[in-house]
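# Residue-level structural notes
Here is what each chain is made of, one letter per residue.
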Amino acid sequence: MSVKRSSPLRVAVLASGRGTNLQAIIDAIESKVLQAQIVAVISNKKEAVALERARKHNLPDVFVDPKPFAGGPDSREAYDHALLEVLEQRQVELVLLAGYMKIVTSVLLNAYANRMMNIHPSLLPSFPGLDVQRKAIDWGCKLAGCTVHFVTEGVDEGPIILQAAVPIQDGDTSETLAARILEQEHKIYPRAVQLFAQGRLKVDGRRVLIEDGKPIGHALISPS
Ligand code: GRF
């Protein structure tokens, strides 16, 4: 199926927290290294700093309150129907999860299959879930890092688009390591979005191939 892709690409960002990855996407767009436009910043948290960042850059900020949907047997799905309405109204072509602390259901997954990305602060498939910088240190890993992947049903399990590795140093705490990983997140997330905007990502089973102009390349990059 060929997917319609506008130029610039119409992107929505879903965020629950401070929104530094959102900021990296905004900065990449404003400095014209990313050919995309943010048509909605959506949050399940009214006070999310991400929404403030959106307002500061004159981007549409949308708070979708989970409370009216809570309690019912299909409350997650009902919430995602409300999100889907916003996404469809705004003709969103790519959804970016950026610190979005809510499980995404099949309602969104089906509508945005291979068109929804997430950023995660570990080298997947190691350490899905939460508190992953601490886990990498506790395991004695020598390398940590971050991963941009397409979103599928299993948490942090979808096809890997880009990764950046970050050496773990003696004396690292989860905070110092998280800060160095975050710097790399801010590089690879806009890059992954730009590859999508250029139509260069091809999902082949579990793998994402990057069309390079040359023969199809691989998905691991070393950040500069
Ligand atoms: C990042 O570490 C990201 O990898 C994870 O949640 C955090 C969000 O940070 N999914 P921010 O809100 O983008 O600053």
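My aim in this report is to walk through the structure given alongside it, one point at a time. (Residues numbered from 1 in each chain as written. Predicted model: local features only at pLDDT ≥ 70, side-chain atom pairs only at ≥ 80, totals over all residues. Heavy atoms only, no water.)

## Some thoughts on the pattern of salt bridges
For clarity, the cut-off: Salt bridges are defined by distance alone: a side-chain nitrogen of Lys or Arg within 4 Å of a carboxyl oxygen of Asp or Glu. Here the term buried applies to any residue with accessible area under 20% of the maximum for its type, exposed to any over 50%, and partly exposed to those in between, with areas from a 1.4 Å probe on protein chains only. Here a helix means four or more residues in a row that DSSP labels H or I, a strand means two or more in a row labelled E, and each is numbered from the N terminus.
Per the counting criterion, the structure on display carries three salt bridges. Aspartate 61 serves as the salt-bridge partner of arginine 55, at 2.7 Å between the closest nitrogen and oxygen. For arginine 55, a relative accessible area of 41% puts it in the partly exposed group. Note that aspartate 138 and arginine 134 form a salt bridge whose closest N and O atoms lie 3.4 Å from each other. Taken together, the residues span about one helical turn, with aspartate 138 and arginine 134 both in helix α5 (residues 132–138) at a distance of four residues. In this structure aspartate 138 comes out as exposed when scored by relative accessible area, which is 53%. Residue arginine 134 is classed as partly exposed on the basis of its relative accessible area, which comes to 31%.

## Describing the site of the ligand
Using the following cut-off: Only a single heavy atom is needed: when it lies within 4 Å of a molecule or strand, its residue is near that molecule or strand. Polar contact criterion, stated in full: a pair of N or O atoms within 3.5 Å, where within protein one must be able to donate a hydrogen and the other to accept it, and residues adjacent in sequence count only if both atoms are side-chain atoms. Using the Shrake-Rupley algorithm and a 1.4 Å probe, accessible areas are obtained, with residue cover drawn only from the displayed protein chains. Classification used: nonpolar for Ala, Val, Leu, Ile, Met, Phe, Trp, Tyr, Cys and Pro, charged for Asp, Glu, Lys and Arg, polar for all others including Gly.
Taken together, Arg18, Gly19, Thr20, Asn21, Gly99, Ile119, His120, Pro121 and Glu185 make up the full set of residues near the ligand. For the ligand, an oxygen atom lies 2.6 Å from a polar atom in the side chain of arginine 18. The contact in question runs from an oxygen atom of the ligand to an N or O atom on the backbone of asparagine 21, over 2.8 Å. Summarising the interface, the protein chains cover 85% of the accessible area of the ligand, which totals 370 Å² for the free molecule. If you list the elements that add at least two residues to the shell around the ligand, you get α1 (20–30) and β5 (116–120). A per-class count over the shell around the ligand returns two nonpolar, five polar and two charged.

## A few points about unusual backbone geometry
Between serine 7 and the following residue, proline 8, the backbone shows a cis peptide bond with an omega angle of 0°. When you line up the elements, proline 8 lands in the segment before β1 (9–14). Leucine 124 connects to proline 125 through a cis peptide bond whose omega is 10°. Backbone geometry at lysine 32 places phi at a positive 65°, although glycine is not the residue there. When you line up the elements, lysine 32 lands in the loop between α1 and β2 (36–43). Lysine 32 gets classed as exposed once you look at its relative accessible area, which sits at 66%.

## Digging into the environment of histidine 57
Threshold: Whether two residues are in contact is decided by their heavy atoms: any pair within 4.5 Å suffices.
Structurally, histidine 57 can be placed in the loop between α2 (49–56) and β3 (61–63). In sequence terms histidine 57 and isoleucine 26 are 31 residues apart; their C-alpha atoms lie 8.2 Å from each other. When sequence neighbours within four positions are dropped, the list of residues in contact with histidine 57 reads Gln23, Ile26 and Glu30.

## A short note on the packing of α1 against helix α6 (residues 174–197)
The condition is simple: Note on geometry: axes are C-alpha line fits, over the in-contact stretch for helices, and angles between N-to-C directions span 0 to 180 degrees. Roughly parallel here means an angle under 35 degrees, roughly antiparallel means over 145, roughly perpendicular means 65 to 115, and every remaining angle is called oblique. What makes a crossing left-handed is the near helix being turned counterclockwise from the far one by less than a right angle; a clockwise turn instead makes it right-handed.
One can describe the packing of α1 onto α6 by two numbers: an axis separation of 9 Å at closest approach and a directional angle of 50°. One way to sum up the angle between α1 and α6 is to call them oblique. Between α1 and α6 lies a crossing whose hand is right-handed. Across the interface between the two elements, Thr20, Asn21, Ala24, Ile25 and Ala28 from α1 touch Leu182, Glu185, His186, Tyr189, Pro190 and Val193 from α6. Here the contact of α1 with α6 is built from residues that sort into seven nonpolar, three polar and one charged.

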